[in-house]
Amino acid sequence: MTKATEEEMKANKAATKIQAGFRGYRVRKQLKESNNYSSKGNSDSDYDDVTSNCYSPPTLMSDNDSMKNSLEEKSATKIQAGIRGFLVRKRHQQEQQAATRIQAGFRGFRTRKLLKQKGQ
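Residues numbered from 1 in each chain as written. Predicted model: local features only at pLDDT ≥ 70, side-chain atom pairs only at ≥ 80, totals over all residues. Heavy atoms only, no water.

Caption draft 1: Molecular detail of the overall build of the protein chain. Looking only at helices and strands, one finds three helices and zero strands in the protein chain. Listing each helix as α and each strand as β along the protein chain from the N terminus yields α-α-α. In the protein chain, which comprises 120 residues, the share counted as buried stands at 9%. For the protein chain, the computed accessible surface area is about 10,500 Å², with 57% contributed by carbon and sulfur atoms. (Helix = DSSP H or I, 4+ residues; strand = E, 2+ residues; numbered from the N terminus. Buried < 20%, exposed > 50% of the residue type's maximum accessible area, 1.4 Å probe, protein only. Areas by Shrake-Rupley, 256 points an atom, 1.4 Å probe, with all protein chains shown as cover.)

Caption draft 2: Fine view of the pattern of salt bridges. The final tally for this structure, using the stated rule, is four salt bridges. For arginine 91, the salt bridge goes to glutamate 8, with nearest N and O atoms at 3.8 Å. On the criterion of sequence distance, the pair formed by arginine 91 in helix 3 (residues 63-119) and glutamate 8 in helix 1 (residues 3-40) is long-range, its members being 83 residues apart. A salt bridge links glutamate 95 to arginine 91, with the nearest nitrogen and oxygen atoms 3.7 Å apart. Of the two residues, glutamate 95 and arginine 91 both sit in helix 3, four residues apart, roughly one turn of that helix. The partly exposed category is assigned to glutamate 95, whose relative accessible area is 46%. (Salt bridge = Lys/Arg side-chain N within 4 Å of Asp/Glu carboxyl O.)

Caption draft 3: Representation of the environment of alanine 76. In this fold, alanine 76 is placed in helix 3. Residue alanine 76 is classed as partly exposed on the basis of its relative accessible area, which comes to 26%. As a C-alpha pair, alanine 76 and alanine 15 span 61 residues in sequence and 9.0 Å in three-dimensional space.

Caption draft 4: Representation of empty space enclosed by the protein within the structure. Under the counting rule described, the total for this entry stands at two cavities of 30 Å³ or more. Reported here for the largest cavity is a volume of approximately 110 Å³. A total of five residues in the lining of the largest cavity trace back to one element, the largest contributor, which is helix 1. Of the voids in this model, the second largest cavity is the one considered here, and its volume is about 60 Å³. Ala4, Glu7, Glu8, Leu87, Lys90, Arg91 and Gln94 together form the lining of the second largest cavity. With four residues, helix 3 is the largest single contributor of residues to the lining of the second largest cavity. Class assignment of the residues belonging to the lining of the second largest cavity gives a composition of two nonpolar, one polar and four charged. (1 Å grid on protein atoms, 1.4 Å probe; cavity = no way out; pocket = protein on both sides within 12 Å on 5 of 7 lines; lining within 4 Å. Points joined across faces, edges and corners; volume = space filled by probe spheres on them. Nonpolar A, V, L, I, M, F, W, Y, C, P; charged D, E, K, R; others polar.)

Caption draft 5: Here's a closer look at the layout of surface pockets. Roughly 240 Å³ of internal volume is contained in the second largest pocket. Surrounding the second largest pocket, 13 residues form its lining, Gln19, Phe22, Glu72, Glu73 and Ala76 being those nearest its centre. Elements supplying a minimum of two residues to the lining of the second largest pocket: helix 1 and helix 3. Examining the composition of the lining of the second largest pocket, we find that seven residues originate from one element, helix 3, more than from any other. In terms of residue class, the lining of the second largest pocket is made up of five nonpolar, four polar and four charged.

Pasting the structure below:
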């Protein structure tokens, strides 16, 4: 495995961890908001007390929440695009350096060969 692919894999793992952390944060925030909403109501029965501590899927989001989520998703996409662009440019630069080394080696070989032929 080349160094470029290792670095690309490392960057992909880092981006995945960032995304997972952010998604967890977003779910926890939604759960906290839904729990705050349910705890504000009067719950006199034992059933309400038990179910308020259980996980319930997030409710439908309001327009404001959906705008926040779309902004967050766009931001995450922008970060990923930046990282991927950086990795592509870095890989291209490494390939250019490798091509330059190959060309220099061939030019040196050709020059030595011509000098050897002229010397004979």
